[in-house]
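The lines below spell out each chain.
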Amino acid sequence: MTEHAFSLQQLAAPDGTCYGCGCAHPNGLHLNSHWDADGIHLLCRHSPDPAFIGWPGLVYGGLLAMLVDCHSNWTAMAHHYRAEGREPGSLPRIDCVTGQLGLNYLKPTPMGVELLLKARVEGEVGRKTRVICEVWAGDVLTVSADSVFVRVDTERLKQQAHGAA
């Protein structure tokens, strides 16, 4: 499998509309997740906009949850593509949704510092996939997360949400 300079989001979902990771969202954060050289972790770098301030000088915890949610979801999807020996963006598209999001806020996360999200799959890649994610502000671990992502058919999910199925 070859690695790409483009992010997983750009390769697999260039039309994505998620506020956090959607390439096509007009005002979104446009997060970009890439495989680490170790072939196990996905990495994402993000510098929070000052609009996402919580307490003075600190990143808003809700933004941290959104960053972990999006990056961890992409970690699950990337591992699904790899498990099937497929390139991101090949059809049929692989999509997951959040089944459980669990964050531990370990230390305050300072504004003005680039954040590094580092995530990996723990255990088997299946319909439900467990992802461990860390948020680093420089050399300080500020958030650890243990979450579950569920592989879904998004068209069917949308129909269910709107009462059509």
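What counts and what doesn't
- Residues numbered from 1 in each chain as written.
- Predicted model: local features only at pLDDT ≥ 70, side-chain atom pairs only at ≥ 80, totals over all residues.
- Heavy atoms only, no water.
- UniProt positions renumbered as here; feature names shortened; annotations may be inferred.
- Helix = DSSP H or I, 4+ residues; strand = E, 2+ residues; numbered from the N terminus.
- Core = buried A, V, L, I, M, F, W, Y, C linked by side-chain atoms within 4.5 Å.
- Buried < 20%, exposed > 50% of the residue type's maximum accessible area, 1.4 Å probe, protein only.
- Contact = heavy atoms within 4.5 Å.
- Salt bridge = Lys/Arg side-chain N within 4 Å of Asp/Glu carboxyl O.
- Pairing = 2+ DSSP bridges.
- Expected span 1.5 Å × (residues − 1).

By the naming in an unreviewed UniProt entry, the protein is PaaI family thioesterase, taken from Pseudomonas fakonensis. Here the protein is described in UniProt, under the heading Subcellular location (unreviewed entry), as follows: "Cytoplasm".

Side note on the UniProt feature "domain: Thioesterase" (unreviewed entry) in the protein
Under the local residue numbering, the UniProt record ascribes the feature "domain: Thioesterase" (unreviewed entry) to residues 57–140. A distance of 16 Å separates the end C-alpha atoms of residues 57–140, which is 27% helix and 33% strand.

Remarks on the nonpolar core
In terms of nonpolar packing, the biggest core is built from 37 residues, with Leu31, Leu64, Leu67, Val68, Trp74, Leu117 and Val135 touching the most fellow members. Those elements that place two or more of their residues in this core are α1 (8–12), β2 (42–46), α2 (61–83), β5 (115–122), β6 (128–137) and β7 (140–152). Considering each element in turn, this core owes the most residues, 11 residues, to α2. For Trp74, the contacting residues outside a window of four places in its chain are Leu8, Gln9, Ala12, Ala13, Cys21, Ser33 and Leu42.

Brief notes about the pattern of salt bridges
Enumeration over the complete set of coordinates arrives at 8 salt bridges. With its nearest N and O atoms 3.5 Å apart, the salt bridge here joins Arg45 to Glu114. Taken together, the positions of Arg45 in strand β2 and Glu114 in the loop between β4 (103–105) and β5 put the pair 69 residues apart, joining distant regions of the chain. Look at Glu114 and you get partly exposed, because its relative accessible area is 42%. Taken together, the shared-partner salt bridges in this structure form one network comprising Asp15, Arg93 and Asp95.

Looking at unusual backbone geometry
Residue Pro92 is bonded to the preceding Leu91 through a cis peptide linkage, with omega at 0°. With respect to the helices, strands and loops of the structure, Pro92 is situated in the loop between α2 and β3 (95–100). Positive phi is not limited to glycine here, since His30 has a value of about 55°. Positionally, His30 belongs in the loop between α1 and β1 (34–35).

Some thoughts on the pairing of β5
Pairing analysis gives 5 bridges linking β2 to β5, with the strands arranged antiparallel. For Leu43, the partnering residue across the bridge sits in β5 and is Lys118. Across 8 bridges, β5 lies against β6 in antiparallel orientation. Residue pairing in the sheet places Glu122 in a bridge with Arg130 of β6.

Overview of α2
Taking 1.5 Å per residue, 23 residues should reach 33 Å; α2 reaches 33 Å between its end C-alpha atoms and fits that length. Across the 23 residues of α2, 17 count as buried, placing the element largely inside the fold. Remark: Gly85 follows α2 within two positions and exhibits a positive phi of approximately 65°.

A few points about the environment of Lys118
As for its position among the elements, Lys118 is in strand β5. Judged by relative accessible area, Lys118 falls into the partly exposed class, the value being 28%. Sequence separation between Lys118 and Ile132 is 14 residues; the distance between their C-alpha atoms is 8.4 Å. Beyond its immediate sequence surroundings of up to four residues, Lys118 is in contact with Asp36, His41, Leu42, Leu43, His71, Ile132, Cys133 and Glu134.

Side note on the environment of Leu29
Relative to the helices and strands, Leu29 is located in the loop between α1 and β1. Note on Leu29: relative accessible area 18%, which makes it buried. Each residue touching Leu29, except ones within four places of it in the same chain, is listed here: Tyr19, Gly20, His46, Phe52, Leu63, Met66 and Leu67.

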